[in-house]
Amino acid sequence: MDKIIVEGGRSLEGEVKISGAKNAALPILISSLLTDGWNTYTNVPDLRDIQSTKDLLLHLGARIETDKDTVQIDAGGVGNHEAPYDLVRKMRASILVLGPLVARLKKARVSLPGGCAIGARPINLHLKGLARLGASIELKHGYVEATADRLKGEEIYMDISTVTGTENLMMAAVLAKGTTVLSNAACEPEVVTLADVLIRMGAKIKGAGTSVITIEGVSNLKPVSVKIIPDRIEAGTFMVSAALTKGNVTILDCEPDHLEAVIHKLRLSGAEVSVKDKSIQVKGANEIVSVDIKTLPYPGFPTDMQAQFMVLMSIASGFSMISETIFENRFIHVSELKRMGADIKISGNTAMITGVPMLSGAPVMASDLRASASLILAGLAAKGTTEISRVYHLDRGYEEIERKFSQLGAAIRRVKA
Ligand code: EPZ
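Residues numbered from 1 in each chain as written. Predicted model: local features only at pLDDT ≥ 70, side-chain atom pairs only at ≥ 80, totals over all residues. Heavy atoms only, no water.

Moving on, we come to the overall build of the chain. Helix and strand content of the chain: 14 helices and 24 strands. For the chain, whose C-alpha radius of gyration is 21 Å, the value lies close to the compact-globule estimate of 22 Å for 417 residues. Dimensions of the chain, computed from C-alpha atoms along their principal axes, come out at roughly 65 × 45 × 40 Å. Intrachain contacts of the chain at a sequence separation of at least 6 include 73% that bridge at least 24 residues. As displayed, the chain has an accessible area near 16,200 Å², and 50% of this comes from carbon and sulfur atoms. Considering the chain, the positive charge centre built from 48 side chains and the negative charge centre built from 46 side chains are found 2 Å apart. (Helix = DSSP H or I, 4+ residues; strand = E, 2+ residues; numbered from the N terminus. Rg over C-alpha atoms; globule rule 2.2 N^0.38 Å. Contact = heavy atoms within 4.5 Å. Areas by Shrake-Rupley, 256 points an atom, 1.4 Å probe, with all protein chains shown as cover. Lys, Arg positive; Asp, Glu negative; His and termini not counted. Charge placed at Lys NZ, Arg CZ, Asp CG, Glu CD.)

And the structure:
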């Protein structure tokens, strides 16, 4: 397994271009299942999760052409309704094929995704919503088997504003008979951009970005050409790296509107953050101020930025508290940061951080996608060398991260296994 080696102590300077958003691209590529004919997607990031999604769509019978960051998908020949365990286990977001397959083929057999390092990741709300739309749902031998002659629009209240749950049900409802109302829907930008794509395909959707989304079913949808939005979490990760190393970094091709909570908290921590139309400049302060954060559904502070912000707080001047309200086990990075000298205590879903003057480099292990990014950040700020193992977690969600950090002056390299 590859490792990443980081020599700490350098201030990052320069410009970095943000790639397309993984969590926007996944549902959008899968929405191709709802159409016949060639869909064209540009600014698609080159990531393991994207490759997993393409493998699954090919398995279902789609045709796919890829040229650099452009992916073309024709799902006209899709006839296989089964998403097998060996594909779904590689990426739990594969469950997003459930809604489109039932809508398009009237049946689906999808392996249960199972949990991951950060939590049990249940899909009960996906299944409850699909049942409300008239699908018959059975759980057999680790698979979900869903069938419906034609889904019927219904009012659905989601107990939790689940992001992929909202996306799955939206994609199921666009071809249903009648109107569906999703209440307590997720408001994340990735939900909004999926709705925009579906509308361009001919769907009738109102309210995306609010907690009530209304979908009026149509009889068919047509293929589209779409550019994937920038990855707000990648952008936030680089913003923190500038604050952490007391550097001066300009993030290009990003969407500042998607980063209000992160911008707000970085400014409170003392960083100078200048926002332009599609770029953000972050200048780190000599003294990092301790700031409390609580992860919340959008537009609250994103859980996917919690580990990265914790690294910043670990070398801040005082005491801060980080509450993780979205996932039940998203503090795995804490034990690795403590091995680098961080002073962090955990009580329930809250981490209490007392800032220390400096972290020290050490061999550490990545556990999940965003935690592995936080270990790179810790290595950048630490004195000495940090060696990060199990970086395959990183490759799922960050495109060419070493190249991008090297361009900013970081001493970072990948050692092939
Ligand atoms: C999406 O996951 C993202 N993944 C996650 O990013 C992100 O952390 C998360 O949203 C929260 O923003 C993709 O978009 C592919 P949820 P998702 O359903 O949809 C509970 C990354 O690093 N829940 O919004 O799976 C669930 O257990 C990943 O890129 C149920 O109880 O998250 C969690 O506590 C990590 N039942 C909460 O809701 C359900 O049926 C929010 O989960 C569904 C969810």
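The biggest cluster of nonpolar side chains holds 74 residues, and the ones touching the most others in it are Met170 and Leu198. Residue contributions to this core peak at six residues, all from helix α1 (residues 22–30). (Core = buried A, V, L, I, M, F, W, Y, C linked by side-chain atoms within 4.5 Å. Buried < 20%, exposed > 50% of the residue type's maximum accessible area, 1.4 Å probe, protein only.)

A separate point is the packing of α1 against helix α2 (residues 48–60). Contact geometry for α1 and α2: axes closest at 10 Å, N-to-C directions at 10°. Put simply, α1 runs roughly parallel to α2. Two secondary-structure elements touch here, α1 through Lys22, Ala25, Leu26, Leu29 and Ile30 and α2 through Asp49, Ile50, Thr53, Lys54 and Leu57. Counted by class, the contact of α1 with α2 contains six nonpolar, one polar and three charged residues. (Axes fitted to C-alpha atoms, helices over the stretch in contact; angles between N-to-C directions. Parallel < 35°, antiparallel > 145°, perpendicular 65-115°, else oblique. Nonpolar A, V, L, I, M, F, W, Y, C, P; charged D, E, K, R; others polar.)

Before going further, it helps to spend a moment on the site of the ligand. Neighbouring the ligand are 22 residues, the closest being Asn124, Thr162, Thr164, Asp304 and Ile326. In the model, an oxygen atom of the ligand is placed 2.6 Å from a nitrogen or oxygen of the Thr164 side chain. Burial of the ligand by the surrounding chains reaches 88%, relative to a free accessible area of 830 Å². Contributing elements (two or more residues each) for the shell around the ligand: α1, α5 (124–132), α6 (163–173) and α12 (369–381). Broken down by class, the residue content of the shell around the ligand amounts to 10 nonpolar, six polar and six charged. Counting only domains with at least three residues in the shell around the ligand, you end up with domain 1 (3–19 + 230–415) and domain 2 (22–227). (Near = heavy atom within 4 Å. Polar contact = N/O pair within 3.5 Å; in protein donor to acceptor, adjacent residues only side chain to side chain. Domains from an automatic or database assignment.)

By the secondary structure assignment, Asp46 is in the loop between β3 (38–42) and α2. Counting along the chain gives 353 residues from Asp46 to Glu399, while the straight-line C-alpha distance between them is 6.0 Å.

In this section: the packing of aromatic side chains. Evaluated as defined, the whole model comprises two aromatic pairs. Between Phe238 and Phe405, the aromatic rings sit 4.6 Å apart at their centres with planes inclined by 40°, giving tilted as the arrangement. One end of the pair, Phe238, is in helix α8 (residues 232–244); the other, Phe405, is in helix α14 (residues 401–407), with 167 residues separating them in the sequence. We note that Phe238, like Phe405, is buried. (Phe/Tyr/Trp six-rings, centres within 6.5 Å; stacked < 30°, edge-to-face > 60°.)

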